Amino acid sequence: CFFTFSTRLEDLRVKLENEGLVNISYVVVNHQGPYSQRKFHLLKESVSDYITVYQQDEQQADVWTTLNGSKDDFLIYDRCGRLVYHLGLPYSFLSFQYVEESIKIAYCEKKCGNCSYT
């Protein structure tokens, strides 16, 4: 499971970079449960150095609960830090185009008007 996800995410990262979409931050948030905590090192080793893996502390508020999401969701933010897309299953499967298209829209479209980042 880790290997398939990490391979697809890395493939998507490289594809977008080759298309000129650079300076995108990718962060994987590991689930807070004991099983996920024990497997953290496998997840971290399965992704490239270009993808950050964040391990939640068991004592902190769950990141996914705070963000009104689930562990398999993709949250796509624009360069100003605004949430543009929140994709849950099945739309978050990397074998579909939803995540890629959402990243492209967040990266390329001027949804908020005049922007100093364009």
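About the thresholds
- Throughout, a residue's number is its position along its own chain's written sequence, starting from 1.
- For this predicted model, a pLDDT threshold of at least 70 governs which residues receive local features, and a threshold of 80 or more governs which side-chain atom pairs are given and counted, while totals over whole chains, interfaces and linings are taken from all residues.
- Note that water and hydrogens are dropped before the side-chain values are worked out from all heavy atoms of the structure.
- To count toward a patch, a residue needs a relative accessible area over 30% and no salt bridge; like charges are then connected within 9 Å, while nonpolar side chains (Val, Leu, Ile, Met, Phe, Trp, Tyr) are connected within 5 Å.
- All accessible areas in this document rest on Shrake-Rupley with a 1.4 Å probe, and a residue is counted as covered only by the protein chains that are shown.
- When a carboxyl oxygen of Asp or Glu lies within 4 Å of a side-chain nitrogen of Lys or Arg, that pair is called a salt bridge.
- Helix and strand definitions follow DSSP, with helices as H or I runs of at least four residues and strands as E runs of at least two, each counted in order from the N terminus.
- Buried means the residue's accessible area, taken with a 1.4 Å probe over protein chains only, is under 20% of the maximum for its type, while exposed means over 50%, and partly exposed covers the values in between.
- Definitions used for this entry: grid spacing 1 Å over protein atoms alone; cavity, a set of points where a 1.4 Å probe fits but cannot get out; pocket, an open set with protein on both sides within 12 Å along at least 5 of 7 lines; lining residue, one with an atom within 4 Å of a point.
- Grid points are joined across faces, edges and corners, and a volume is the space filled by probe spheres set on the points.
- Only Asp, Glu, Lys and Arg are considered charged, only Ala, Val, Leu, Ile, Met, Phe, Trp, Tyr, Cys and Pro nonpolar, and every remaining residue, Gly among them, polar.
- By nonpolar core we mean a set of buried residues, namely Ala, Val, Leu, Ile, Met, Phe, Trp, Tyr and Cys, connected to one another through side-chain atoms within 4.5 Å.
- Contact definition: two residues touch when any of their heavy atoms are within 4.5 Å.
- The aromatic pairing rule takes the rings of Phe, Tyr and Trp, using the six-membered ring of Trp, and pairs them if the centres are within 6.5 Å, calling planes under 30 degrees apart stacked, those over 60 edge-to-face and the rest tilted.
- By definition, being over a ring means that NZ of Lys or CZ of Arg is both within 6 Å of the ring centre and within 35 degrees of the ring normal.
- As a per-residue measure, pLDDT reflects the predictor's confidence and takes values from 0 up to 100.

**Let's talk about a nonpolar patch on the surface**
Stage number 1. There is a patch of nonpolar side chains on the surface, built from Leu-89, Tyr-91, Phe-93, Phe-96 and Tyr-98 and spanning about 510 Å² of accessible area.
Stage number 2. Secondary-structure assignment places Phe-93 in the loop between β4 (83-87) and α5 (98-108).
Stage number 3. Residue classification places Phe-93 among the partly exposed residues on the basis of a relative accessible area of 41%.

**Considering the layout of surface pockets**
Stage number 1. Each pocket or cavity is described by its volume, and for the largest pocket that value is around 1,300 Å³.
Stage number 2. Lining the largest pocket are 39 residues, with Phe-5, Val-27, Val-28, Asp-73 and Phe-74 positioned closest to its centre.
Stage number 3. At the level of elements, α1 (2-18), β1 (26-30), α2 (34-38), α4 (63-66), β3 (74-77) and α5 are the ones that each hand at least two residues to the lining of the largest pocket.
Stage number 4. A breakdown of the residues in the lining of the largest pocket according to their chemical character gives 25 nonpolar, eight polar and six charged.

**Digging into the nonpolar core**
Stage number 1. Counting residues in each nonpolar core, the largest one holds 17 residues, and the members touching the most others are Leu-9, Phe-74, Val-99 and Ile-103.
Stage number 2. Listing elements by their share of this core, those giving two or more residues are α1, β1, β2 (51-55), β3 and α5.
Stage number 3. The residues contacting Phe-74, other than those within four sequence positions of it, are Phe-5, Leu-9, Tyr-85, His-86, Leu-87, Ser-92, Leu-94 and Val-99.

**A short note on the packing of aromatic side chains**
Stage number 1. Using the criterion set out here, one finds four aromatic pairs in the structure.
Stage number 2. With a centroid separation of 6.2 Å and 70° between ring planes, the pair formed by Phe-93 and Phe-96 is classed as edge-to-face.
Stage number 3. Judged by relative accessible area, Phe-96 falls into the partly exposed class, the value being 40%.
Stage number 4. Judged by centre distance (6.1 Å) and plane angle (75°), the rings of Phe-96 and Tyr-98 are edge-to-face.
Stage number 5. The exposure class of Tyr-98 is partly exposed, given its relative accessible area of 42%.
Stage number 6. The aromatic ring of Tyr-107 is capped on one face by Arg-79, whose charged end is 5.2 Å from the ring centroid.

**Observations concerning the confidence of the model for the protein**
Stage number 1. Looking at the protein, pLDDT values average 88 and 90% of them are 70 or higher.
Stage number 2. The least confident element of the protein, judged by mean pLDDT, is α2 at 87; the most confident is β3 at 95.

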